[in-house]
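# Chain and residue survey
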Amino acid sequence: MAQVLPAERDLRRVIGDGDGVPDGEVEGLDEQALVDLYRSLVLLRTYDERSVVYHRQGRIGTYAIFWNHEAMQAGAVHALSDDDWIFPSYRESAIGLLRGMPAATVLSWWRGHPAGWWNPADYNVGSICVPIATHVPHAAGLAWGKKLDGEPSVAIAFFGDGATSEGAFHEGANFAGVMSAPLILLCNNNQWAISTPLSAQTAAETLADKAVGYGMPGVRVDGADVLAVYEAVREAAERARAGGGPTFVEAVTYRCAPHATADDPRAYIDLERVEEERARECVGRYDGYLRRLGVLDDALTEEIRGEAAEMLRRGIAEAESLPEPDPAVVFEWAYAEPPPALAHDLAELRRVLGGSLG
Amino acid sequence: MAQVLPAERDLRRVIGDGDGVPDGEVEGLDEQALVDLYRSLVLLRTYDERSVVYHRQGRIGTYAIFWNHEAMQAGAVHALSDDDWIFPSYRESAIGLLRGMPAATVLSWWRGHPAGWWNPADYNVGSICVPIATHVPHAAGLAWGKKLDGEPSVAIAFFGDGATSEGAFHEGANFAGVMSAPLILLCNNNQWAISTPLSAQTAAETLADKAVGYGMPGVRVDGADVLAVYEAVREAAERARAGGGPTFVEAVTYRCAPHATADDPRAYIDLERVEEERARECVGRYDGYLRRLGVLDDALTEEIRGEAAEMLRRGIAEAESLPEPDPAVVFEWAYAEPPPALAHDLAELRRVLGGSLG
Amino acid sequence: MFSEGRLAELTLAEALNDALHVELERDERTLVMGEDVGRAGGVFRVTAGLRDRFGPDRCVDTPLAEAGIMGTAVGLCMAGWRPVCEMQYDAFSYPGLDQLITHVGRYRWRTGGRMEFPITVRMPYGGGVKAPELHEDSPETYYVHTPGVKVAIPSTPADAKGLLAAAIRDPDPVVVLEPKLHYRTMRGEVPEGEHVVPLGRARVAREGDDVTLVAYGSMVPLCEQAADALAGEASVEVLDIRSLRPLDEDALLASAAKTGRVVIVQEAPRTLGFAAELAAILAEKAILDLRGPVLRVTGYDVPFPFWKLEDYYLPSLERVVDAARRLLAF
Amino acid sequence: MFSEGRLAELTLAEALNDALHVELERDERTLVMGEDVGRAGGVFRVTAGLRDRFGPDRCVDTPLAEAGIMGTAVGLCMAGWRPVCEMQYDAFSYPGLDQLITHVGRYRWRTGGRMEFPITVRMPYGGGVKAPELHEDSPETYYVHTPGVKVAIPSTPADAKGLLAAAIRDPDPVVVLEPKLHYRTMRGEVPEGEHVVPLGRARVAREGDDVTLVAYGSMVPLCEQAADALAGEASVEVLDIRSLRPLDEDALLASAAKTGRVVIVQEAPRTLGFAAELAAILAEKAILDLRGPVLRVTGYDVPFPFWKLEDYYLPSLERVVDAARRLLAF
Ligand SMILES: Cc1ncc(C[n+]2csc(CCOP(=O)(O)OP(=O)(O)O)c2C)c(N)n1
Ligand SMILES: Cc1ncc(C[n+]2csc(CCOP(=O)(O)OP(=O)(O)O)c2C)c(N)n1
Ligand SMILES: [Mg+2]
Ligand SMILES: [Mg+2]
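Residues numbered from 1 in each chain as written. Chains lettered and ligands numbered in written order. Predicted model: local features only at pLDDT ≥ 70, side-chain atom pairs only at ≥ 80, totals over all residues. Heavy atoms only, no water.

## Some remarks on the interface of chain D and chain C
Every contact between the two is made by 50 residues of chain D and, on the other side, 50 residues of chain C. Overall, the association of chain D and chain C removes approximately 4,400 Å² of surface from exposure, summing both partners, and the carbon and sulfur fraction of that is 65%. Inspection of the chain D/chain C interface yields 10 salt bridges. Residue R245 of chain C is joined to D301 of chain D by a salt bridge in which the shortest nitrogen-to-oxygen separation is 3.7 Å. Taken together, the links from chain D to chain C amount to 17 residue pairs in polar contact (both at pLDDT 80 or more). For the side of chain D that touches chain C, the secondary structure elements donating two or more residues are α4 (97–104), α5 (107–110), α6 (140–144), β15 (262–269), α10 (274–285) and β16 (295–299) of chain D. Among the elements that line the side of chain D that touches chain C, the one with the most residues is α10 of chain D, at 8 residues. Grouping the amino acids of the side of chain D that touches chain C by side-chain chemistry returns 31 nonpolar, 8 polar and 11 charged. (Contact = heavy atoms within 4.5 Å. Buried area = accessible area lost by both parts, 1.4 Å probe. Salt bridge = Lys/Arg side-chain N within 4 Å of Asp/Glu carboxyl O. Polar contact = N/O pair within 3.5 Å; in protein donor to acceptor, adjacent residues only side chain to side chain. Helix = DSSP H or I, 4+ residues; strand = E, 2+ residues; numbered from the N terminus. Nonpolar A, V, L, I, M, F, W, Y, C, P; charged D, E, K, R; others polar.)

Following this line, the structure appears as structure tokens:
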């Protein structure tokens, strides 16, 4: 095997700044594809911004904001085929939208409604993973299983900078290396794990440097550059499909919003830095790129935003129109054939609910 | 911080082959120190070889053989001061001997006798760790705690190649990196985890490559070259004491014996390779080095071996002369003040033991 | 129980925070560690102010690694420290179970009782807070079954402070589960300064003669409500277990002897929830006192549900009252 | 229970090995994975011959990482595989507990019951084998308390084969604990070919009228010895629970109704060992049938001791007989 070197230090970038830094280009992406990617970015952005509002309005519960993380999500998904499997964390809760999942499903998840569960096989999207890094072995296992069957599918797991400290990340990555599983480890390095900065998370210089310890290539990209992410993931997927095994992609960005709606980052974050980062956020940068390229104008932007807004409007209405779940749901689903004790429990619960305290 | 590069590919060696490859030298090791190191090697070898016999004779239970691992154990311990803490796995069960622990204590451990427990603070040697890699965080915590107190102690954790796949190894190593804890991670790469070869354990090219992911230097040494191990550990300890944080040392050797007395490696191991490795085993190599240097002769060898044999003879006699433990021991020690229920349990047990089935 | 006398009106979270301030002040070998306990003061603000007051070495933001937290705490003890570890939520303590079972609970024993491991592990637990999956578990069984550790679960602000202080001072590892439902919503009088509630003593929260409701943590106030609801019908005793290990068996047996009727209420799934142990003790030692079956009102043997359903899962006032009535009518 | 009729005389380990051969042959989506299961055929040789027969892709030597084994098994299920995971020893399954609790037991539920996770986790368990620390644990409580998983513990070679087959065919995750004490020392008649013992059914190992000894796994033969020892004094029923979850409550209650006297024998530490659940069920549902206390004979609430002491820790013939006599004399 060729020697695996530590990851490139420099962040790969495609999008310029419309000024001194020239725009690059991604081979094979035609105008339609470029606009579709924009559509996905706007959809995710709209979902995220509306969700914060819905939370304030009491329509959904606690919500993990992903503002300025849209590029790595959309860039990655567009670089994959629909047969490829996505394993999201809570930070990528709405990534299923890019695979046709109704907004109402994701909103239901955040509304604590069982309509928020889905069958992963319907979209090739795993469940939203709440316990940090624990889905990395799932993605490795899925990829290994597909490889055993000779199927060309690859898997991608999304996780944060903090997640790299967990044993589950390590074991999953190492398994993938050993099995030469077609897996992409997409690390969303937003430089914070709630209030814990990257410097308190690891002494590694870059997270992508961890790749060498698993015998896989590590790549660093600007996570707010949707085309850079696209290109890196496409490369990784091609390598994986060709039998080259897993790749670690570190997408570097910055968390510009609270960790979740319940969090107040003012106690720990550098607010000036947040302002800077907000100014170079990912949707605006791609918007500028497309306009410089002449494939986007106000009218098209308007149309795309309108579509997304409409989808969310319908989504929340649909989610809110769902009936409250029946108590029976508590007892279903955990087992293929629920044990008799559970049926008895439900009957008892119904009896008590039917009664009163009087 | 300076860029941490992946570990050196080549194994560091000091001892030559008495033929084409010349002997090196370790600065600061005088004749006395060289002979002391030999004494430790021989003590460990004698302990190990006697233990296999004692097992066959039914004097001790299952035993994890460390033949050809003596150099990394003795080399490392001699490079440290007595204030430094050692965290052994079952493969380094007798390492306490190098700190003055009686052989009877270690033999008792393998005899399933509670006289095999010791107070780690008496020797600065942690308990023999049975569950793989789980002591790595202990060593990291100890080192971090010593650093908080401004004490110059460093810690060393011994673990195997297989252990690097465990989450506990990862979490401990990462903690040590972040805390810049004075820790040496000494990986005994004997290329097998029971029947699992290194190639099925990791896709990394070298285990020392894992260091870069924790932001620490990685070093590879010939694990059967006691002087190379000594030098690498001394360097690592100096760096740690100077505030430079942890180091990963990969000591490469080859398991020439069964994993433990219960194991039969013929089903999986390459017996020719074992023969080759046995021919270059670590005690003989150092013996040759010292003879070429003129500090060892047959008389001294004889004397040192005799001493070690005598220590083991006394050790097993002492272990065997210990009274069988009292049932009360089952109920002590788990809590500072055993809960009342345990006292009651003991009384009941004594009552039943006193009775009969008649 | 000792304390200095003056009282303050605090929430349960404030009482815990107070305990940490007092104990860190009292013993400079004590340190707090965990995810987000420092800069942010904990996601529930239980560790607020500690980093400013005691510095980042004694209130440590650790890497995101629960096994690493538990494991380095073992090493810190060997270096003479007394670590208080936070697990951010109940279900996020599970990655630390291996260290807890194989080392935290066994290391003292493994040294022949010659070395101490005074680790405190504290975490918010329990449901009713409308949070996403795995934020509402009641994991006490995993801890209570594990030899070598002790487990306390307070139900009032005063006990929260006192039991946490006892845990920190205890020479053995103690897991403290804090009812997160009541972190901010329950207020009560809490002794100022040093305040210790010894482990191993239950508390009669309400005296009564006809039936005993046994509970701990967030189920205690529920049982008190049930006692109120049953006021006209029966005299209800409420026993707050407080310390699950060591357990105050005498208090349990005394109450069972008095009322002869016992309902045990627990939020965790039924099978092998702590109510099973309490019921087993009654079946073993109180069989002649019991006037009817020992009833359990518990969570169900399924994962804690999506929060729109959590009120069906959690023991409710209706279910507790119903059980008590069934037992009274037995 | 179905099987093809012919019988072979096998050890318990051989019976398990036979089950794996039959099930891997029967369903080509089934694979075996774990540490040293391939080249070495398992440290107890339970997986011997599988790698040669089915190839290294269906009998996989994994990296040394129990959480990784459990976690990749979840992913393998999503790809349509049916993994049978070996944990090398009881106590080495603890690093996998987090995956088991948060994912193996919950993933089906999390898909609204739409995706199956037919994972089998098998491991040797229990003491009496004179092994070093952490090689003799009885961890069933951690598994039985966890929603979404099932747990079986065989006590004979035939049940070992049949329950393992049932576990592998089950659409849900099943943990099978194998009494390592009897791997090689117990022989028995085992049906050849396909042989399935359904989960959820207890087995009356010995019929009797005066007292019931309830047990599972390696405690069953001990209870049978106790029944022999008591032969002149009392007619002893021995109930082998076999399937801890789902539990055959009816069999338990029927036996309690018949004898009115129940002693439960378990090797795990007492507090919240599975005997507690059985006793709690009796206290809840059999109170009018019981003629005396429900007694538990168990391991103690301490770590499993150094092996020179293990005979004091483990339930012994003397302790079981003593408990039965005390109960008969009650
Ligand atoms: C095992 C586990 N421990 C703790 C938590 C609580 N928690 C939720 S998010 C978070 C920080 C995660 O940081 P990172 O991995 O960087 O991802 P990000 O949130 O920044 O996307 C923590 C500690 C959890 N969900 N799971
Ligand atoms: C957590 C855990 N899993 C499994 C085992 C069983 N086991 C004992 S030794 C061993 C192999 C260890 O290999 P390695 O780390 O290379 O160390 P070596 O034995 O070669 O020194 C295994 C799997 C264990 N002791 N602990
Ligand atoms: Mg982050
Ligand atoms: Mg090895």
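## Focus on the state of the cysteines
Residues and elements named next belong to chain A. On inspection of all chains with the given rule, the structure shows 0 disulfides over all chains. Free cysteine C187: the closest other cysteine sulfur is in C129, separated by 15 Å. The exposure class of C187 is buried, given its relative accessible area of 0%. (Disulfide = S-S within 2.5 Å. Buried < 20%, exposed > 50% of the residue type's maximum accessible area, 1.4 Å probe, protein only.)

## Observations regarding the packing of aromatic side chains
Taken as a whole and judged by the stated rule, the model has 53 aromatic pairs over all chains. Ring plane angle 70 degrees and centroid distance 4.7 Å describe the contact between W109 of chain B and W110 of chain B, whose orientation is recorded as edge-to-face. Note on W117 of chain B and W109 of chain C: the rings are 5.1 Å apart at their centroids and 75 degrees apart in plane angle, and the pair reads as edge-to-face. Of this pair, W117 of chain B sits in the loop between α3 (103–110) and α4 (120–123) while W109 of chain C is found in helix α5 (residues 107–110), placing the two residues in two different chains. In this pair, the class of W117 of chain B matches that of W109 of chain C, namely buried. Of the aromatic side chains, those joined through ring pairs into one cluster are Y47, Y63, F66, W109, W110 and W117 of chain A, F306 of chain C together with W109 of chain D. One residue, R29 of chain C, lies across the ring of W81 of chain C, its end atom 4.0 Å from the ring centre. Seen from the ring of Y107 of chain D, R110 of chain D lies directly overhead, with NZ or CZ sitting 5.0 Å from the centre. (Phe/Tyr/Trp six-rings, centres within 6.5 Å; stacked < 30°, edge-to-face > 60°. Lys NZ or Arg CZ within 6 Å of the ring centre and 35° of its normal.)

## Describing the pattern of salt bridges
If the charged atoms of two oppositely charged side chains come close together, the side chains can form a pair. Residue and element names in this part refer to chain C. This model, assessed by the stated rule, comprises 118 salt bridges over all chains. Of the charged contacts in the structure, one is a salt bridge between E233 and R325, with a shortest N-O distance of 2.8 Å. With E233 in the loop between α8 (219–229) and β13 (236–240) and R325 in helix α12 (residues 317–328), the pair connects residues that are 92 residues apart, well separated along the chain. A relative accessible area of 23% means that R325 is categorised as partly exposed.

## With respect to the sheet that holds strand β7 (residues 150–152) of chain C
All names here are of chain C. Within the open sheet, the 7 strands sit side by side as β4-β3-β5-β6-β8-β7-β14. Their pairing is mixed. Looking at the sheet topology across the chains shown, the edges are occupied by β4 (59–61) and β14 (243–245). Each adjacent strand pair in this sheet contributes to an overall mean axis angle of 20 degrees, direction not counted. In the packing of helix α7 (residues 157–169) onto the sheet, contacts are made with β3 (30–34), β5 (82–86), β6 (120–125), β7 and β8 (174–179), and the angle to β6 comes to roughly 150 degrees. (Pairing = 2+ DSSP bridges. Axes fitted to C-alpha atoms, helices over the stretch in contact; angles between N-to-C directions.)

## Describing the domain arrangement of chain C
All names here are of chain C. Assigned domains of chain C: these are domain 1 (7–191) and domain 2 (203–328). Computed over C-alpha atoms, the centres of domain 1 and domain 2 are 26 Å apart. In this assembly, 32 residues from domain 1 lie in contact with 22 residues from domain 2. Of the roughly 2,000 Å² buried between domain 1 and domain 2 on both sides combined, carbon and sulfur atoms contribute 53%. At the boundary of domain 1 and domain 2, one finds 2 salt bridges. Along the contact surface separating domain 1 from domain 2 lie 16 residue pairs in polar contact (both at pLDDT 80 or more). When residues of the side of domain 1 that touches domain 2 are traced back to their parent elements, those giving at least two are α6 (140–144), β7 and α7. Looking at the side of domain 1 that touches domain 2, its residues break down into 15 nonpolar, 11 polar and 6 charged. (Domains from an automatic or database assignment.)

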